[in-house]
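Chain by chain, the residues run as shown.
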Amino acid sequence: MSWTKKLFILVTIVLIIGLVAYYWTVLHEDTVVKKGEVNLSQTHFFENGLIELNGEWEFYWEELLRPEDFEKQNENIDYTLVPGNWSRDFHGNQYEDKGFATYRMVINEIPDEVYFGFKKSNIRNASKVYINGEVVLEDGHVSKSFEDSVPGNNSEIIYFEMDTKTAEIIVHASNHEYIVGGIAKPLLFGLQQKLVSHQQQTIMFEFAMILVVFMVGIFYLILFFTSRYYRMMEPATFVLALSCLCFGAMGSMYSERIITVMFPDLTLNSTFRFGHILNALSVIFALNVVNKINDAFLSNRMKSILSAIFGFFIIFVLTLPLNLYLSSLNFYLLFVVAMFLSIWIKVFLMFFKKPDKGMEQIEHVTLIVAIFAVFLFWFDVMLYSFGIKADMVIAFWCMAIFSLAIASLLIYRYTLYYKKSEELSKELLRTLEVLTEKSNQVRENELAFLQAQIKPHFLFNALNVISSMILHRSDQAYELVLSLSDYLRAKFDFYNKEKWISIRDELGFIYSYLAIEKARFEERIKVDVQLEDDIDFVVPPLLIQPLVENAVRHGVNMKKEGGTVSIRITKLTQGHLIKVSDDGVGMTNEKLRDILDQTFSNEDGIGLQNIQNRMHRLFGKGLQIESSLGEGTTISVIIPDRRIYQNEITHDRR
């Protein structure tokens, strides 16, 4: 394993340890409210001018108590953790996800200031807040039943004057729609100016992250519609743009709900539905980004299955009542987190196990970072949605990291495409120069034979395949250029026409040809070569390759599903037997006789006729052909042993 991969493992381990430490710290922060009270003199309030009212709040399940109800001392008090969901209190009592409750706490030793502020960020899913007996804030309509419920869960700040040293805060909360109720984010109390500054910083951070994501999305959307070349070169462009736009729009509906600033009349019902549609779309587009970048990480079939699942979820969001589809969010979020974690693990492991995925190392590392950012985004959203974590700072960072990482990956790929296109263009020019030079040397009777073997449409199709691969599979395209170069060089190397070559060189020539055909027809052509390791003899050049080409063109390619071309080489007492077989369409006895008839001039038979003539001239006997219609064809060639002098053997450069 290279030192760069070892370093990458080390960095990954350090990052994961850091994240675990962060989440542990966040989920176990010290609290200031004890038994429903906090003394500001015992906190950092006088230094910061602001405090999060986190800790043990009084909790009254399925009661909506007013300030006057607390005038009498209540000895049976339960306490629950704020922020957090209301599923369990400190005494171990468990509560239903849906319902209503009253929270209460008291702030003591308030400084001699006049103007204060109170911020409510996320109380699920409707709330009413009393401070010192007066209603100061109401979001939605707190109710005891689903029928009377009006959800409302936006971030709000109120400012007020206070001339007392004590503040009693009572919160009514009801949830009849969402996953679980409770006070999900910290409630803030502080001096007016400090609270204003804090709110501005929070909004600016979230807005900056959303803006970064939107800018990446808009940039690639413009690039997709304005640059046909880039659109063809990088198929991930459009889905990346849509993914970023969905992430950005979705981020505006979380945490501070920035979208409500632009659309203050947007109801929570509409926000939920639109947000969860964007939620599912962002998952679909992220899956497509991974697939378009390299389908080895996420196959087309798996991408389609997963996209269909999230497509069904979108239908549920559009058609089902709010409380019904929200009840499935637990499973939905767990599924998304598990899905992206499994994709990340697969991509991470393939970085070490499979170095031949058609990606540069830096591309692979960048993709690992991007997918991990998506996983961490959904993990953070899940903790926030379940009421386990009180903020989405990590989620907003990861949203921006994913967008920038994929954008950087595409820019890097574009740079590589450009460089490799230049290299391929130069190699193609060199190949064409060789082709021109060699073709000008054709003078003798062998010209007809060789020209019959290079079909114009074969050369056209080969170049077509190479050009289609340059943009997306440049390494494979480069190998095909070399194969084509070797193929053409061997075809026009007339200087060796009277000499024999090693069977290994002839096979190398055949492999170059088959590499081009397999690139064209992919799984339709299978090749099976069997020969002993110590086989080493000489054959006339271009004797076996036309037989293989005939098996491909007129055998397996004539079948819709394709087939297998087999090459068998065995040693005989006084020579070697070469068999070229295919399981293609085969031919009738009449057609076979026509092909071997010296007077037959159909294109299908001209290659075999020339081989037949050469065999008779060299060895006094021709080809042995066995063929059955619908089953395939086998052509046998016997190469007698021959005394070879060193200067009679040439080896093609491979």
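Engineer: Teacher, can you tell me more about the nonpolar core here?
Structural biologist: Most often, soluble globular proteins have nonpolar side chains that are buried together. In this structure, F189, F340 and W378 are the most contacted members of the largest nonpolar core, which totals 127 residues. Element by element, the count of residues in this core is highest for helix α11 (residues 361-385), at 15 residues. For F189, the contacting residues outside a window of four places in its chain are L40, F45, L50, I51, L53, I107, I110, F116, G117, F160 and M162.

Engineer: When you look at the pairing of strand β10 (residues 134-139) in this model, what are you seeing that I'm missing?
Structural biologist: Look at any regular strand and the pattern is simple: side chains alternate between the two faces of the sheet. Relative to β10, strand β9 (residues 126-131) runs antiparallel, the two being bridged by 5 bridges. Within β10, the position partnered with Y130 by the bridge is V135. Between the antiparallel neighbours β9 and β10 lie 2 residues, among them N132 with a positive phi of about 50°.

Engineer: What exactly am I supposed to notice about the side chain of E363 here?
Structural biologist: Inspection of the secondary structure puts E363 in helix α11. Setting aside anything within four residues of it in sequence, one finds E363 in contact with L409, Y412, R413 and L416.

Engineer: I tried to follow the pattern of salt bridges on my own but got confused; where do I start?
Structural biologist: Should the charged atoms of two oppositely charged side chains come close, the side chains can pair. Within the structure shown, the criterion is met by 13 salt bridges. Salt-bridge contacts for D139 lead to K120; the nearest nitrogen and oxygen are separated by 3.1 Å. Taken together, the positions of D139 in strand β10 and K120 in strand β7 (residues 115-120) put the pair 19 residues apart, joining distant regions of the chain. Residue D139 is classed as buried on the basis of its relative accessible area of 6%. Among the salt bridges present, the one from K389 reaches D380, with a minimum N-O distance of 3.1 Å. No difference in accessibility class separates K389 from D380, as the two residues are buried.

Engineer: When you look at helix α16 (residues 503-521) in this model, what are you seeing that I'm missing?
Structural biologist: Each α-helix turn comprises 3.6 residues. Residues three or four places apart therefore point the same way. Here α16 contains 19 residues, and its C-alpha end-to-end distance of 26 Å stays within 8% of the 27 Å for a straight helix at 1.5 Å per residue. Burial analysis of α16 places 14 of its 19 residues in the buried class, the great majority of the element. Put simply, S502 is the residue that caps the front of α16, since its side-chain oxygen is 3.1 Å from the backbone nitrogen of R504. Immediately beyond the C-terminal end of α16, within one or two residues, lies E522, with a positive phi of roughly 50°.

Engineer: For this particular structure, what's the right way to read unusual backbone geometry?
Structural biologist: A negative phi holds for most residues other than glycine; trans holds for most peptide bonds. Following V82, the chain continues into P83 via a peptide bond in cis, with omega recorded as 0°. Assignment of secondary structure puts P83 in the loop between β4 (78-82) and β5 (84-85). Cis geometry marks the peptide bond from R124 to N125, where omega comes out at 5°. Within the element layout of this structure, N125 appears in the loop between β8 (123-124) and β9.

Engineer: Help me understand the sheet that holds strand β21 (residues 632-640), please; the structure alone is not making it clear to me.
Structural biologist: Strand order across the open sheet formed by 5 strands is β16-β18-β19-β21-β20, with mixed pairing between neighbours. Here the strands that pair on one side only, and so sit at the sheet edges, are β16 (525-530) and β20 (624-628). Averaged over all pairs of adjacent strands, the angle between strand axes in this sheet comes to 10°, irrespective of strand direction. Note that strand β18 (residues 563-572) and strand β19 (residues 575-582) share 8 bridges and pair antiparallel. Bridge pairing in β19 places K571 opposite H576.

Engineer: I keep staring at the pairing of β18 and nothing clicks. Help me out?
Structural biologist: Sheet topology note: the β16/β18 ladder contains 6 bridges and is parallel. Bridge assignment links Q530 to a residue of β18, and that residue is R568.

Engineer: Which parts of the structure should I look at to understand the packing of aromatic side chains?
Structural biologist: By the definition in use, this model includes 34 aromatic pairs. Between Y178 and F272, the aromatic rings sit 5.5 Å apart at their centres with planes inclined by 10°, giving stacked as the arrangement. Here F272 lies in helix α7 (residues 268-293) and Y178 lies in the loop between β12 (167-175) and β13 (182-183), a separation of 94 residues in the sequence. Assigned by exposure class, Y178 and F272 land together as buried. Through successive ring pairs, a cluster of aromatic residues spans F8, Y22, Y23, W344, F348, F351, F352, F372, F375 and F379. The side chain of K5 reaches across the aromatic face of F351, ending 5.2 Å from its centre. Directly above the aromatic system of Y384 lies the positively charged group of R124, at a separation of 5.2 Å from the ring centroid.

Engineer: What exactly am I supposed to notice about the sheet that holds strand β2 (residues 50-52) here?
Structural biologist: The strands making up a sheet are joined through hydrogen bonds of the backbone, oriented either antiparallel or parallel. The sheet built from 4 strands is open, its strands ordered β2-β14-β7-β11 with antiparallel pairing. Of all the strands in the sheet, the pair left with one neighbour each is β2 and β11 (156-161). Going from strand to strand, the sheet's axes swing by 15° on average, the running direction of each strand aside. In terms of strand pairing, β2 meets strand β14 (residues 188-191) through 3 bridges, oriented antiparallel. Note on β14: the bridge partner recorded for E52 is L188. Helix α3 (residues 192-226) contacts β2, β7, β11 and β14 of the sheet and is inclined by roughly 35° relative to β7.

Reading the values: the criteria
- In every chain, residue numbers begin from 1 and rise along the written sequence.
- It should be noted that, the model being predicted, local features are given only for residues of pLDDT at least 70 and side-chain atom pairs only at 80 or more, the latter also being counted only at that level, while totals for whole chains, interfaces and linings use all residues.
- Excluding hydrogens and water, the side-chain values take into account all heavy atoms of the structure.
- Among buried residues, the Ala, Val, Leu, Ile, Met, Phe, Trp, Tyr and Cys ones that are joined through side-chain atoms within 4.5 Å form a nonpolar core.
- Burial classes: relative accessible area under 20% of the type maximum marks a residue as buried, over 50% as exposed, and values in between as partly exposed (1.4 Å probe, protein chains only).
- Runs of H or I in DSSP of at least four residues are treated as helices and runs of E of at least two as strands, each being numbered from the N terminus.
- Between two residues, a contact is recorded if the distance between any of their heavy atoms is within 4.5 Å.
- By this definition, two strands are paired if DSSP reports at least two bridges between them.
- Salt bridges are counted wherever a side-chain nitrogen of Lys or Arg sits within 4 Å of a carboxyl oxygen of Asp or Glu.
- The span one expects for a helix is its residue count, reduced by one, times 1.5 Å.
- Two N or O atoms count as a polar contact when they lie within 3.5 Å, although within protein this holds only if one can serve as hydrogen donor and the other as acceptor, and sequence-adjacent residues are included solely when both atoms are side-chain atoms.
- Here the axes come from fitting lines to C-alpha atoms, over the contacting stretch only for helices, and the angles between their N-to-C directions go from 0 to 180 degrees.
- Aromatic pairs are defined between Phe, Tyr and Trp rings, using the six-membered ring for Trp, whenever the two ring centres lie within 6.5 Å; interplanar angles under 30 degrees are classed as stacked, those over 60 as edge-to-face, and all others as tilted.
- Distance and angle both matter: a charge sits over a ring if NZ of Lys or CZ of Arg is within 6 Å of the ring centre and within 35 degrees of the ring normal.

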